[in-house]
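Listed here are the chains, written in short residue letters.
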Amino acid sequence: MAQVVDELDATASVAPSNLPTEKIQSISPSKRIFLITNSNNSFERGDYISLVLNSKIVARALTAKMQNEIAGIKILRIHSLALWNTLKVGSEVQIVRGDDSYFNRPVKKETADLKEGGKNKSKIEDEDDLYSETKILDDDLSMEENKNRAIKNDNLVTGSYGRLEGVNNDGAAQYYGQFMAQWAYQIEDNIWIEGVYGQGVINDFPALGLDTVIRNITFRAKYTVTAPLYSYVQPYIGYQMVTAKSDSAGVPDGIATQEQLNQETELMNKMEKNRPVFGITLLKRLVPGWFVKADLGTDIMNLGLTLEF
């Protein structure tokens, strides 16, 4: 009997008449970020809450920040567009913490408050949710979003493998494989600077039995343009420096003729480059924080994996 009474009390506790009332302090231009009071201490950072107006759920949100009885919440889902459009700074709303099933809202893909190891986390329900910025939030959530940026974070670090243009032992053009590390930093909205370092070894160049180490250092300036299918295009210009080093090239060994030594030196000089370059970078988002990246330019053609942070 006591258990039945407890369950009835729990159900009654979420009725509209018993819900705490809070006031909206600020609304971001995108209406995705709200600042509301928490004067009743009715919810905490990390809680899923529902905003109630006129005994109806208006929206579902996640509490992202809490400071001095003011909470920053991020809207996950709108339940009533008509009520949503009436919300403004100064509006009073009631708060449901956690389960809002009392209101019997039939939502197909309601974001649930899952608990795993005592921690709340959002629910990813289909492929589109992997790309939804309303599903995954940073601890350091900014209350006002910068809508001018195509890519929100400032750093892109890439590991890649590509083809660098050089010459073969006959002096004809040839491409050689090379591993590269790349770091791009967003200095202004959609404007990036990037450094590239690559290194590889060419066997039997500039003559049979000789090995040459090729180093590629490139600096680029880029601009980001949003493309379909969670992709981005970055046209770039830059400057490339390619060096070639072989301890034995052009060095007398008692076997090679002077003509052959001169040819080795000439081939080493042809391999080195100091020149302006241009091209485009293609970024395709895989999951939040990760891209597949391709560079197509006069400096290099490569493919790699990029981490955003």
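In case you missed it, the structure is sitting above this.
Calculation criteria
- Residue indices follow the written sequence of each chain, beginning from 1 at its first position.
- pLDDT decides what is reported in this predicted model: residues at 70 or higher carry local features, side-chain atom pairs at 80 or more are listed and counted, and totals for whole chains, interfaces and linings draw on all residues regardless.
- Side-chain metrics in this entry use all non-hydrogen atoms of the structure; hydrogen atoms and water are not considered.
- Helix and strand definitions here come from DSSP, where helices need a minimum of 4 consecutive H or I residues and strands a minimum of 2 consecutive E residues; each element is numbered from the N-terminal end.
- Burial classes follow relative accessibility: with a 1.4 Å probe on protein chains only, a residue under 20% of its type's maximum area counts as buried, one over 50% as exposed, and anything between as partly exposed.
- Here a residue-residue contact requires only that any non-hydrogen atoms of the pair lie within 4.5 Å.
- Each accessible area is a Shrake-Rupley estimate made with a 1.4 Å probe; only the visible protein chains count as cover when residues are assessed.
- Side-chain rings of Phe, Tyr and Trp (the six-membered ring for Trp) are treated as a pair once their centres are within 6.5 Å; stacked means planes under 30 degrees apart, edge-to-face means over 60, and tilted covers the remaining angles.
- By definition here, charges over rings are those cases where NZ of Lys or CZ of Arg is within 6 Å of the ring centre and within 35 degrees of the ring normal.
- Within this document, salt bridges are pairs made up of a side-chain nitrogen of Lys or Arg and a carboxyl oxygen of Asp or Glu, the two lying within 4 Å of each other.
- Here the expected length of a helix is defined as 1.5 Å per residue gap, with one fewer gap than residues.
- In this scheme, strands are said to pair when DSSP sees at least two bridges between them.
- Every axis corresponds to a line fitted to the C-alpha atoms, with the helix fit spanning only the stretch in contact, and the corresponding angles, defined between N-to-C directions, vary from 0 to 180 degrees.

*Asks:* What's the story with the overall build of the protein in this structure? I'm lost.
*Replies:* Of regular secondary structure, the protein possesses three helices and 17 strands. When burial is assessed residue by residue, the protein has 40% of its 309 residues classed as buried. Of the contacts formed within the protein by residues at least 6 apart in sequence, a portion of 57% connects residues at least 24 apart. Carbon and sulfur atoms provide 54% of the accessible area of the protein, an area that totals close to 17000 Å².

*Asks:* Looking at this structure, I do not really get the packing of aromatic side chains. What am I missing?
*Replies:* To describe a pair of aromatic rings, one takes the distance between the centres and the angle between the planes. Applying the stated rule across the entire model yields three aromatic pairs. Positioned over the ring face of Tyr236 is Arg220, at 4.3 Å from the centre of the ring.

*Asks:* Please clarify how the pattern of salt bridges should be interpreted in this entry.
*Replies:* A side chain of one charge can pair with a side chain of the opposite charge if their charged atoms are brought near each other. Applying the stated criterion across every chain yields a total of 10 salt bridges. One salt bridge in this structure joins Arg149 and Asp189, with 2.8 Å as the shortest N-O distance. Of this pair, Arg149 sits in the loop between strand S8 (119-121) and strand S9 (155-167) while Asp189 sits in the loop between strand S10 (173-188) and strand S11 (191-203); the two residues are 40 residues apart in sequence, bridging distant segments of the chain. Relative accessible area serves as the criterion here: at 17%, Arg149 is assigned to the buried category. On the basis of relative accessibility, which here comes to 27%, the residue Asp189 falls in the partly exposed class. A salt bridge links Glu194 to Arg220, with the nearest nitrogen and oxygen atoms 2.9 Å apart.

*Asks:* It is not clear to me how helix H3 (residues 258-271) should be interpreted in this structure. Could you clarify?
*Replies:* Helical periodicity: at 3.6 residues per turn, an α-helix aligns residues three or four positions apart in one direction. With 14 residues, H3 should reach 20 Å at 1.5 Å per residue; the first-to-last C-alpha distance of 20 Å fits that figure. Turning to H3, the residues buried within the fold contact S9, S10, S11, strand S12 (211-223), strand S14 (231-245) and strand S15 (273-287).

*Asks:* Which parts of the structure should I look at to understand the sheet that holds strand S2 (residues 33-37)?
*Replies:* Strand pairing in a sheet is mediated by backbone hydrogen bonds. Such pairs are either parallel or antiparallel. Sheet architecture is closed into a barrel: six strands sit in the order S1-S2-S5-S4-S3-S6, paired in antiparallel fashion. Neighbour to neighbour, the strand axes of the sheet diverge by 45° on average, direction disregarded. Here strand S3 (residues 48-53) runs beside strand S4 (residues 56-67); their pairing, made up of six bridges, is antiparallel. Within S4, the position partnered with Val52 by the bridge is Ile57.

*Asks:* What's the story with unusual backbone geometry in this structure? I'm lost.
*Replies:* Negative phi values dominate among residues other than glycine, just as trans dominates among peptide bonds. Omega for the peptide link from Phe205 to Pro206 comes to 5°, which places this bond in the cis form. Relative to the helices and strands, Pro206 is located in the loop between S11 and S12. Positive phi values are uncommon outside glycine, yet Asn41 reaches one of about 50°. With respect to the helices and strands, the residue Asn41 is situated in the loop between S2 and S3. By relative accessible area, Asn41 is classed as exposed at 58%. Of note in the backbone geometry, Asn190 takes a positive phi value of approximately 70° without being a glycine. Mapped onto the fold, Asn190 is located in the loop between S10 and S11.

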